[in-house]
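Listed here are the chains, written in short residue letters.
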Amino acid sequence: MSKTILITGAASGFGKIAAFKLAEKGHNVIATTQVYPQMSDLIREAAEKGIELTVNKLDVTNSRDIAYVLKKYDIDILISNAGIMEGGPIAEQPLELVRSMFDVNFFGALELAQGFIKKFIQQKKGKIVFTSSMGGLWTVPYVAAYCASKHALEAIAEGLKTELAPFNIKIATCNPGVFGTGFNDRGADSIGRWYDPAVNFTPASAFDGVADSLAHQLNPESMADVIVNVALDETPNFRNVHPKETEDFVKQLQSDAWSVKS
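What comes next is a walk through the structure.

The rules behind each value
Residues numbered from 1 in each chain as written. Predicted model: local features only at pLDDT ≥ 70, side-chain atom pairs only at ≥ 80, totals over all residues. Heavy atoms only, no water. Core = buried A, V, L, I, M, F, W, Y, C linked by side-chain atoms within 4.5 Å. Buried < 20%, exposed > 50% of the residue type's maximum accessible area, 1.4 Å probe, protein only. Helix = DSSP H or I, 4+ residues; strand = E, 2+ residues; numbered from the N terminus. Contact = heavy atoms within 4.5 Å. Pairing = 2+ DSSP bridges. Axes fitted to C-alpha atoms, helices over the stretch in contact; angles between N-to-C directions. Expected span 1.5 Å × (residues − 1).

**What about the nonpolar core?**
Next up, step 1: Judged by nonpolar contacts, the single largest core of 45 residues is most densely connected at Leu6, Ile75, Phe116, Ile128, Phe130 and Ile171.
Next up, step 2: Of all the secondary structure elements, the ones that give two or more residues to this core are helix 3 (63-72), helix 4 (95-123), strand 5 (126-131), helix 5 (144-164) and strand 6 (169-176).
Next up, step 3: What Ile75 contacts, discounting residues up to four positions off in sequence, is Thr4, Leu6, Ile30, Phe116, Phe120 and Gln123.
Next up, step 4: One finds Phe14, Met223, Val226 and Ile227 within the second-largest nonpolar core, a separate group that totals 29 residues.

**Let's talk about the sheet that holds strand 5**
Next up, step 1: Read from one edge of the open sheet, seven strands run 3-2-1-4-5-6-7, paired in parallel fashion. At either margin of the open sheet sits one strand with a lone partner, and together these are strand 3 (54-57) and strand 7 (239-242). Across the sheet, the mean angle separating the axes of adjacent strands is 20° when strand polarity is ignored.
Next up, step 2: Of the strands in this sheet, strand 2 (28-33) and strand 3 touch helix 2 (residues 36-49), which is tilted by about 170° from strand 3.
Next up, step 3: Running over the sheet, helix 5 touches strand 5, strand 6 and strand 7 and is turned about 155° from strand 6.

**What to know about the environment of Gly177**
Next up, step 1: Inspection of the secondary structure assignment puts Gly177 in the loop between strand 6 and helix 6 (183-189).
Next up, step 2: By relative accessible area, which is 11% here, Gly177 ends up buried.
Next up, step 3: Considered as a pair, Gly177 and Pro166 are eleven residues apart in the sequence and their alpha carbons are 32 Å apart.

**So, helix 8 (residues 221-232)**
Next up, step 1: Relative to the 16 Å expected for twelve residues at 1.5 Å per residue, helix 8 spans 17 Å between its end C-alpha atoms, a close match to the ideal helical length.
Next up, step 2: Three or more residues of helix 8 are buried, namely Met223, Ala224, Val226, Ile227, Val228, Val230 and Ala231.
Next up, step 3: Where helix 8 is buried, its residues contact helix 1 (13-24), strand 4 (77-80), strand 5, strand 6 and strand 7.

This is the structure in C-alpha cells:
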C-alpha cells in the first residue's frame, strides 16, 4: 500500500537518495529542502530522472515553515533527516556554532516531530524515523558538540518510543557510520572558519588524521537503503546502525566505557 512520506533535508545525501528510492517504489514522497535554490535543483533533478515527487521548502529552525507544512500535509511517515555538523575541539568551539547544531539537529527535529505527533494521535497511527549518527552513540573526538546534539536526539527518540507506544506510533533511529555524502567533508571544512593555530591552544597536528578518514568513506546508497527499509517495515528495529562493522565497534566502545579510567 502506498504511503505518504515527508523527508527533511532531502536536498542532498541520504535524504535525497531515500526520497528518490521511495518515490520509485510508488510512494507519495514530500521531499523538503532548507532553502528555495535547493528546492529548484531537486525539482530539476527529479524531472531529469523521471521521478515523481512533491518538493517543498522546510527549514526546521523556522517555525513558520513548520506551521505551513503541518497545515498542508497529512502523512503516514516522517523521516526526520535534516542535520548540520560543525567540527572543532569542544574546549574552544564557539558556542554559537554549538547552538546552531542543537537548533537544527535537536530543537528543529523535536518541534516538527511534536507537530506531526498531534496528527498521528488523531489518525491512531504513524511513524517517525530519525536520522541520527554513530556519533549519537559514542563521542568522536573533535566533533563532540555534533555528537552531543545527536546524543540528545537519541534521548528524545527513546522517550517518544516508550511514550507513544500506546497510541500505535512507531519510532526508529538510523545511525550511519562514515559515508561519502559530503556531510563529513563540510563538517571538517567548518573548522577552518574559526580555528587559528596561532590563537587556539589545540595544536594543528590534532587534525592530522582527518584527511585520511575522509578518503575512505562508504557509498551512501546502502545507508539510504537502510532508511527506506526502516521507513517501510511495519515492525522495524528501534536502532539501526550501519554498516555492521560500525555497529560492532560502537557496542565494544559502550562495553569498554564501564572500565575506562579518567
